[in-house]
Amino acid sequence: MYKRILVANRGEIALRIIRACRELGVETVAIFSEADRGAQYLQLADEAYCVGSARASDSYLRIDRVISAAEIGNVQAIHPGYGFLAENAHFNEICRSCNIDFIGPPHEAMRLLGDKNSARRVAREAGVPCVPGSPGPISDEGEALRIAHEIGFPVLIKAAAGGGGRGMRVAANDLVLKSALQQAQAEAAAAFGDGTLYLEKYIERPRHIEVQILADHHGNAVHLWERDCSLQRRHQKIIEESPAPNLPQSLREEICNAAVKLVKAAGYTNAGTVEFILDQQGHFYFIEVNARIQVEHPVTELVTGIDLIKMQLRVACGEPLPFKQEEIRTSGAAIECRINAEDPEHDFRPCPGRIEQIFPPGGPGVRFDSHVHPGYLVPPYYDSMIGKLLVHQPTREEAIRTMRRALAELRIQGVKTTVPRQMEILNHAAFVEGRVDTKFIERTWPPSAS
Ligand code: ADP
């Protein structure tokens, strides 16, 4: 095991990684921006270095400064968390050239899967079903129109380098497609520095099912079953659960096995997530790989009893996976609510500000992963997450009851939060019966009406 690693992140995930390291006896070097100076979780690290001013592009995204902190801190490895540099193949490669392990996949696999077009190609070659769409990037309007007619409207325009639900546009006919192409290209170029687009058939009312995988450097790859992340706003998740409700066991196994096939074909190692959408007829399609630990990873930790951050460290330093596929069992049901400083009454717009008071919930079956404390200022520069509220119970019905109880117990004063909307969802018959899709929130609480 490593002696000392650098945590190249902030907030909730930095704290989560530091906690795992403390249990493993691994020393940690933390980094922070000026906006995070004095954050309480930094005190749990063995050392901490300031890497710049508040804006992420001046601090957490500065490869030169992160590497300098790693060199000065004399670490053997860097854990990138999620967001920031986590899926930056260039950073990953630089770590290796500096003789620092990157706790994640090799940069070649990251590059291959980070581009959604090449990821789709790998999936197709591995026999994993993809959403019908363009075989590669679209070069001009004429080609886009031809492909759209081939696969049939509505179509979804996506950015090859996309992430976080940005750069995606639905087009229902020629006219909309032409204007949406230009907008999507400009948006993708601005957001990702790459305006490459591709087309997919737009699947109506799909569910989002994703599979957690782990692969080591000895040729072993396993899945840790699925999470249902259909509850989204603006294509971003807000509630996740495992197991996915109303998913026949044979289909569940088929999806999970497809995920393992894909990561093996890509030469992937460490933890990762293969995302699929499931249409109303029960067909599943690969959409993308997230080559990192995800926000919602604790849902899987609760049902499998496997600590994914510790597994990431063990795999990165060369240990083989300590279990075989058939030894991975799930028990009960887990649900996560992402508690964000956002106003659900106004299209979930971020509401950064000072948390005057916070009373976290507890008791049997409750886990609250959060870096905030009374007086904490949610900075406007990064994501608006306050914490992740998780529950685990023997059945989904009991998990729902515990989540309602925990949401009611959680009191946050000073900023608006997603909690009232999450409580409404937990009480909604469609959720209780396990029949929501990715458009459920938008349909039930239309942004224009709020
Ligand atoms: P990002 O990388 O920006 O998160 P994804 O490809 O993962 O983009 O898609 C995010 C979400 O967008 C999915 O969970 C799903 O809700 C929706 N989505 C993606 N592809 C399609 C599609 N072809 N049809 C319908 N919805 C889709």
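Reading guide: rules and limits
- Residues numbered from 1 in each chain as written.
- Predicted model: local features only at pLDDT ≥ 70, side-chain atom pairs only at ≥ 80, totals over all residues.
- Heavy atoms only, no water.
- Helix = DSSP H or I, 4+ residues; strand = E, 2+ residues; numbered from the N terminus.
- Buried < 20%, exposed > 50% of the residue type's maximum accessible area, 1.4 Å probe, protein only.
- Polar contact = N/O pair within 3.5 Å; in protein donor to acceptor, adjacent residues only side chain to side chain.
- Expected span 1.5 Å × (residues − 1).
- Contact = heavy atoms within 4.5 Å.
- Phe/Tyr/Trp six-rings, centres within 6.5 Å; stacked < 30°, edge-to-face > 60°.
- Pairing = 2+ DSSP bridges.
- Axes fitted to C-alpha atoms, helices over the stretch in contact; angles between N-to-C directions.
- Parallel < 35°, antiparallel > 145°, perpendicular 65-115°, else oblique.
- Left-handed = near helix turned anticlockwise from the far one by under 90°.
- Nonpolar A, V, L, I, M, F, W, Y, C, P; charged D, E, K, R; others polar.
- Near = heavy atom within 4 Å.
- Areas by Shrake-Rupley, 256 points an atom, 1.4 Å probe, with all protein chains shown as cover.
- Domains from an automatic or database assignment.
- Buried area = accessible area lost by both parts, 1.4 Å probe.
- Salt bridge = Lys/Arg side-chain N within 4 Å of Asp/Glu carboxyl O.

Caption draft 1: The arrangement of the side chain of Ser134 in detail. As for its position among the elements, Ser134 is in the loop between helix 5 (116-125) and helix 6 (141-151). You can call Ser134 buried: its relative accessible area is 0%. There is a polar contact of 2.9 Å between the side chain of Ser134 and the backbone nitrogen of Leu199.

Caption draft 2: Up close: helix 7 (residues 174-192). For helix 7, built from 19 residues, the straight-helix expectation of 27 Å at 1.5 Å per residue is met to within 8% by its first-to-last C-alpha distance of 26 Å. All of the buried residues along helix 7 are Leu177, Ala180, Leu181, Ala184 and Ala188. Where helix 7 is buried, its residues touch helix 6, strand 6 (155-159), strand 7 (169-171) and strand 8 (197-201). Where helix 7 begins, the side chain of Asn173 points an oxygen toward the backbone nitrogen of Leu175, at a separation of 3.2 Å. Immediately beyond the C-terminal end of helix 7, within one or two residues, lies Gly193, with a positive phi of roughly 70°.

Caption draft 3: Examining the packing of aromatic side chains more closely. Under the counting rule described, the total for this entry stands at eight aromatic pairs. Ring geometry for Phe84 against Tyr382: centres 6.0 Å apart, planes inclined by 75°, an arrangement best described as edge-to-face. Separated by 298 residues along the polypeptide, Phe84 in the loop between strand 4 (77-79) and helix 3 (89-97) and Tyr382 in the loop between strand 20 (377-378) and strand 21 (385-393) bring together distant segments of the chain. Assessed through its relative accessible area of 26%, Phe84 is described here as partly exposed.

Caption draft 4: View of the sheet that holds strand 14 (residues 333-340). Reading across from one edge, 13-12-9-10-11-14-21-19 is the order of the eight strands in this open sheet, with antiparallel pairing throughout. Each end of this open sheet is capped by a strand with a single partner; those strands are strand 13 (284-290) and strand 19 (366-369). Between one strand axis and the next, the sheet turns by 25° as a mean value, whatever way the strands run. Here strand 19 pairs with strand 21 via four bridges, running antiparallel. Along strand 21, the bridge assignment pairs Arg367 with Leu390. Its contacts with the sheet place helix 12 (residues 419-427) against strand 10 (221-233), strand 11 (236-242) and strand 14, and it is angled at close to 150° to strand 14.

Caption draft 5: View of the packing of helix 6 against helix 7. Put simply, helix 6 and helix 7 touch, their axes get as near as 10 Å, and they point 135° apart. Relative to helix 7, the element helix 6 lies oblique. Once helix 6 is placed against helix 7, the crossing between them reads as right-handed. Here Glu141, Ala144, Leu145, Ala148 and His149 of helix 6 come into contact with helix 7, specifically with Asp174, Leu177, Lys178 and Leu181. For the contact of helix 6 with helix 7, a count of residues per class yields five nonpolar, one polar and three charged.

Caption draft 6: Structural detail: the sheet that holds strand 2 (residues 27-33). If you walk across this open sheet you meet the five strands as 3-2-1-4-5, and the pairing is parallel. Sheet topology places strand 3 (47-52) and strand 5 (101-102) at the edges, where each strand pairs with a single neighbour. As judged from the three bridges shared by strand 1 (residues 4-7) and strand 4, these two strands associate in the parallel manner. Residue Ile5 lies in a different strand from strand 4, and its bridge partner there is Ala77.

Caption draft 7: Up close: the site of the ligand. Taken together, 22 residues lie near the ligand, and Lys116, Gly165, His208, Gln232 and Glu288 sit nearest. Lys158 is positioned such that a nitrogen or oxygen atom in its side chain is 2.9 Å from a nitrogen atom of the ligand. The separation between a nitrogen atom of the ligand and a polar side-chain atom of Glu200 is 2.9 Å. Surface burial for the ligand is 95%, taken as the share of its 550 Å² of free accessible area covered by protein chains. Within the residue set of the shell around the ligand, elements represented by two or more residues are strand 6, strand 8, strand 12 (270-278) and strand 13. The residue makeup of the shell around the ligand, split by class, is seven nonpolar, eight polar and seven charged. Built from parts of two domains, the shell around the ligand gets at least three residues from each of domain 2 (132-201) and domain 3 (207-449).

Caption draft 8: Summary view of the pairing of strand 21. Taking burial as the measure, the nine residues of strand 21 include eight buried ones, the bulk of the element. Judged from the eight bridges that link them, strand 14 and strand 21 form a sheet pairing that is antiparallel. Following the sheet pairing, Ile339 is matched in strand 21 by Gly387.

Caption draft 9: Local environment of the pairing of strand 13. Among the seven residues that make up strand 13, seven are buried, leaving the element largely enclosed by the rest of the structure. Sheet topology note: the strand 12/strand 13 ladder contains six bridges and is antiparallel. By the bridge assignment, Leu278 is partnered in strand 13 with Phe284. Taking the residues that link successive antiparallel strands as the turn, the strand 12-strand 13 hairpin has five residues, and the phi of Gly282 there is positive, at about 90°.

Caption draft 10: The domain arrangement of the protein, seen in detail. By the assigned domains, the protein splits into domain 1 (4-103), domain 2 (132-201) and domain 3 (207-449). For the pair domain 2 and domain 3, the summed buried area comes to about 410 Å², and 55% of that belongs to carbon and sulfur atoms. Counting the contacts that link domain 2 with domain 3 gives zero salt bridges. Linking domain 2 to domain 3 there are zero residue pairs in polar contact (both at pLDDT 80 or more). Here the side of domain 2 that touches domain 3 is built from residues that sort into two nonpolar, two polar and two charged.

Caption draft 11: Examining the pattern of salt bridges more closely. Evaluation of the coordinates by the stated rule reveals 36 salt bridges. Notably, a salt bridge pairs Glu93 with Arg111, separated by 3.2 Å at the nearest N-O pair. Residue Glu93 is found in helix 3, and its partner Arg111 is found in helix 4 (residues 107-114); the two are separated by 18 residues along the sequence. Owing to a relative accessible area of 33%, Glu93 belongs among the partly exposed residues under this scheme. A residue is classified by how much of its surface remains accessible, and Arg111, at 41% relative accessible area, is partly exposed. Close ionic contact of Arg314 with Glu319 constitutes a salt bridge, the shortest N to O distance being 3.0 Å. In this structure, a network of salt bridges that share partners links the residues Arg16, Glu23, Glu301, Asp307, Lys310, Arg367 and Asp369.

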